[in-house]
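# Examining the three-dimensional arrangement
Spelled out, the chains give:
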Amino acid sequence: MNNINWHSLPIEEIFHKLFSSKDTGLDGLEADVRIQQYGENRLNQKPAHSLFSMFIRQMKEVLVLVLIAAAIISGLLGEIEDTIVIMIIVILNAVIGVIQENKAENALKALKDMTKPSAKALRDGKIIMIDAEKIVPGDIIILDAGDSVPADLRLIEAISLYSNESALTGESLPNEKDATIVTDKETSVGDRKNMLFMGTTITGGRAKAIAVETGMKTQLGRIAELLEASDSEDTPLQKQLAVLGKGLAAAAIVIVFFVFLLGLWRGENLLNMLLMSISLAVAAVPEGLPAVVTIVLALGVTRMSRQNAIVRRLPAVETLGTSTVICSDKTGTLTKNEMTVTKIFLENNMFDVTGAGYAPEGDILDKSNNKISPEDNQNLYLMLLGGLLNSDAKLDKTEKGYKIIGDPTEGALIVVAAKTGLSKEDTNRSYPRLAEIVFDSQRKMMTTFHNVEGSIISFTKGAPDVILSRSNSYKSGESILPLDDDINRRFFEVNSELASLGQRVLAISIRKWQEVPAEMSPAAETELIFIGFFAIQDPSRPEAKDAVAQCHRAGIKTVMITGDHLDTAKAIASELNIRKPDDQSLTGEQLDQMNDETLNNIVNQVTVYARVSPEHKLQIISALKHHGHVVAMTGDGVNDAPALKKADIGAAMGITGTEVAKEASDIILQDDNFATIVKAIEEGRTIYLNIQSTIQYLLSCNVGEIFVIFFALLLGLGTPLSPIMILWINLVTDGPPALALGLEPPQKGIMLKPPRKSDEGIFPKRLGLKVLWQGLMLGIISLGGFWTALHWGRSIEEAQTVAFITMALSQLIHSFNVRNNELSLFKIGIKSNLSLVAAFLVSTSALAMTIFVPFLRKVFNTVILQPSDWIFVLILSFMPFIIVEITKKLSKK
């Protein structure tokens, strides 16, 4: 925009310059034109890696360069076939690496697309939600507390507006804004009170503003131009893998050097031992592991998104599996956030109302579970009529179900009437509102006047204590009786009893008039006739109870944190089995009176926190962490952001959550559902186990290959596997199963185990022992096949072919062993991971080609085996499966 000082121009001039209107905004066609003119509203990003650059990077890997050098040496020494095969394997490996890297980048790009910010814009005179990237200069933007500012904006209207500009200016305190002032051209960014800037957040108030700069033209964009985009930091898991890789590389160098010297001492060919040593070095280090892990993480994150959990930071996937406590909001997360009438009290009768939520499905039942309708009970009709006529909310049916437009409590009254067939629209037409005394928080009630069947009747709804104090009589059947002290006390007791059950209680009363009073004063709300109580509750989500039970079985404690009243919180917590009879509960007021030491001492016994502020959440997290807990915390408001950041896993609400909360979070629950975070924990555990399975498979295979070469040379048997065979097994046949293991579905019973310790590495001691003994098993079986073939008088080519097929096929069959280290394959079933079945068939086909394709048979120096040898090889290849199945059975006993 040619460096226009928007802050120093009158707002009318800005509208003129940008050809926009504060009342209608831009029209859709003009916005499309401007997106072409100004570009998308986003900062420049590093271009995606091209396939060619990925290929070159794969070819620059140290081990690959060593292989290329080996191929060149082989060629210079006249071993042209070895050179060609090594180069084919190298290129094939690079191509597979490019495919894997590209798949991982695409998955991560899709993940970023899921979390694109949006904004409220005025287009064609209507407020709509649009992607923030589609905002153009001239767009009118509507902002509320918690929103992120999507572009540089000039204020049009501002009401009690404050923004946090610390990301831009470094000023930690919120900045007060004023739409009415015009500042000087030289005014610094931090003092431009009539401007809002991209990347900042609204901490209070609301505003209407016009977009004046977008993308790289914003203040944030100018800063971005001065900075080089930094590479994303590795996750803790990737760092652990790097350490593991270095350790394996060091061990490989020692072992390979020893094997090389041993081979020369045994009189083996120098070139052959050089190639063998290089091949073993490649075998010892699972160079494809980081790529496989990245793909497993990315695909796992994609699976989680399908279950409404969007992961914003990859390390969260690793942390999820170690969570020991979930601190959850009540409203909308553990409950439906759909206020529902559960009981109706009339005189001496308490009626139950079935059906939960806004769907008008259910009945009103008496003590004998008989269905009651308004036609059967005049007072019930008056209650339902009063709830309908005295409410301004509206029940609306959408494609996704029913929703309430307006106050949720009033919505509950409309829904319970609809369950009996009373429609708000029809009732309003029949008995239109003649006058009203609006609700206010001091009076705690609302009154409306209607002509009902020729009589003027006022309906008053409000707090029970207020309504009862304004009533002098009550409806009993057809009669109107005086409300004496005894009756009044009994009604108060009913109210207290309902409130103690966590119900919100509303009272309905009526008064008959000759005509509508001329003055709508509090005097019109006296001498009322009490009708009854509505007991209203936000019902728990039907899936929440099972999710809480699943957490308990998984060794995860669930804690409810809410701003609601203590009785309500305890009732819901008890219903969901979050709270046990001996558990403690705390209020925000009690927390204020506690020091950190006191809270630390009792925090493990507390399962319900009520009437708490977002600041209290920080105290609770600190106390739980003091005991070594890994804490997942949900939140939705602006003030929840510090708690979401402090928690090990910050989970923001996708529906009710503010942009600030989402930015501070690790994951976003798209459906605001507690069950979703439990599913995310299950997926986090699954991903971690799958990565361990992949490591176990690749390393046990590598140990087997080293073992068979080392001990064959030590025993003077020669070399059971040629360098090309080792490379083929490692770089071609092992890859597909390793990737397929990362797609393993959740193991049966994965949520019946306690969380793993947060300080446990990706390669714990027990996994190292499994890798070692299973690798030795694979090596012994392959070496046994080689030795037996020689003992039977087979040629060296036949013996090597037996060893090659046995090693490759036993490894492929072993991939089914590592799917689950506890349960038998017969229990988990072969069909539960069809990706592994497909990978097995692909790799087996690649192995078969080296035997049955004449050209490849010549290159690999293999032969077609005799039928008896094939039977022998198949028996040997299935031995790892049989042995591991037996060990699983024995360890279970």
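Read on for a plain summary of the structure. Nothing here was measured: the structure is a model prediction, and the numbers come from that model. (Residues numbered from 1 in each chain as written. Predicted model: local features only at pLDDT ≥ 70, side-chain atom pairs only at ≥ 80, totals over all residues. Heavy atoms only, no water.)

### Overview of the packing of aromatic side chains
For the structure shown, the criterion picks out 15 aromatic pairs. Taken together, a centroid distance of 5.6 Å and an interplanar angle of 85° make the contact between Tyr474 and Phe491 edge-to-face. With a gap of 17 residues between them, Tyr474 in strand 18 (residues 471–476) and Phe491 in helix 16 (residues 485–500) connect regions that are remote in the sequence. Like Tyr474, the residue Phe491 is buried in the burial classification. With centroids separated by 4.9 Å and ring planes inclined at 50°, the aromatic side chains of Trp792 and Phe872 adopt a geometry described as tilted. Taken together, the residues Trp792 in the loop between helix 27 (765–791) and helix 28 (796–817) and Phe872 in helix 32 (residues 867–892) connect sequence positions 80 residues apart. (Phe/Tyr/Trp six-rings, centres within 6.5 Å; stacked < 30°, edge-to-face > 60°. Helix = DSSP H or I, 4+ residues; strand = E, 2+ residues; numbered from the N terminus. Buried < 20%, exposed > 50% of the residue type's maximum accessible area, 1.4 Å probe, protein only.)

### Focus: unusual backbone geometry
Despite not being glycine, Phe19 has its phi angle at roughly 50°, a positive value. Inspection of the secondary structure assignment puts Phe19 in the loop between helix 1 (11–18) and helix 2 (28–38). Since its relative accessible area comes to 67%, Phe19 is described here as exposed. In the Ramachandran plot, Asn369 falls in the positive-phi region, its phi being about 65° despite a non-glycine side chain. Looking at the element boundaries, Asn369 is found in the loop between strand 12 (364–365) and helix 12 (378–389).

### Description of the environment of Gln774
Looking at the element boundaries, Gln774 is found in helix 27. Given a relative accessible area of 3%, Gln774 falls into the buried group. In the structure, Gln774 is positioned 74 residues away from Ser700 in sequence and 5.8 Å away in space, judged by C-alpha atoms. Excluding anything up to four places from it in sequence, Gln774 contacts Gln696, Ser700, His814, Val818 and Val884. One polar contact links Gln774 to His814, side chain to side chain, over a distance of 3.2 Å. (Contact = heavy atoms within 4.5 Å. Polar contact = N/O pair within 3.5 Å; in protein donor to acceptor, adjacent residues only side chain to side chain.)

### Focus: the packing of helix 28 against helix 30 (residues 834–852)
Close contact between helix 28 and helix 30 brings their axes to 10 Å; oriented N to C, the two are set at 175°. The pairing of helix 28 with helix 30 is recorded here as roughly antiparallel in orientation. Residues Thr801, Phe804, Ile805, Ala808, Leu809, Leu812, Ile813, Ser815 and Phe816 of helix 28 form the contact with helix 30, whose participating residues are Leu836, Val837, Phe840, Ser843, Thr844, Leu847, Thr850 and Ile851. Class assignment of the residues belonging to the contact of helix 28 with helix 30 gives a composition of 12 nonpolar, 5 polar and no charged. (Axes fitted to C-alpha atoms, helices over the stretch in contact; angles between N-to-C directions. Parallel < 35°, antiparallel > 145°, perpendicular 65-115°, else oblique. Nonpolar A, V, L, I, M, F, W, Y, C, P; charged D, E, K, R; others polar.)

### Section: the pattern of salt bridges
Within the structure shown, the criterion is met by 23 salt bridges. Note that Arg433 is salt-bridged to Asp392, the shortest N-O span being 2.9 Å. A residue pair is termed long-range when its members are at least 10 positions apart, and Arg433 in strand 15 (residues 433–440) and Asp392 in the loop between helix 12 and strand 13 (394–398) qualify at 41 residues. Residue Arg489 pairs with Asp486 through a salt bridge whose shortest N-O separation is 3.0 Å. (Salt bridge = Lys/Arg side-chain N within 4 Å of Asp/Glu carboxyl O.)

### A few points about the sheet that holds strand 9 (residues 325–329)
What the 8 strands build is an open sheet, ordered 8-27-26-25-9-22-24-23; its pairing is mixed. Here the strands that pair on one side only, and so sit at the sheet edges, are strand 8 (309–311) and strand 23 (584–587). Each adjacent strand pair in this sheet contributes to an overall mean axis angle of 20°, direction not counted. Relative to strand 22 (residues 557–561), strand 9 is paired through 5 bridges, and the arrangement is parallel. In the sheet register, Val325 faces strand 22, and the bridge partner there is Lys557. (Pairing = 2+ DSSP bridges.)

### Some thoughts on a nonpolar patch on the surface
Together, Leu874, Phe878, Ile882, Ile886 and Leu890 line one region of the surface with nonpolar side chains, adding up to about 470 Å² of accessible area. Structurally, Ile882 can be placed in helix 32. (Patch = residues over 30% accessible without salt bridge, like charges linked within 9 Å, V, L, I, M, F, W, Y side chains within 5 Å. Areas by Shrake-Rupley, 256 points an atom, 1.4 Å probe, with all protein chains shown as cover.)

### Considerations on a positive patch on the surface
Among the surface-exposed residues, Lys748, Lys827, Lys889 and Lys892 lie close enough to one another that they form a single positively charged patch. Within the secondary structure, Lys827 sits in helix 29 (residues 825–828). Relative accessible area serves as the criterion here: at 60%, Lys827 is assigned to the exposed category. (Lys, Arg positive; Asp, Glu negative; His and termini not counted. Charge placed at Lys NZ, Arg CZ, Asp CG, Glu CD.)

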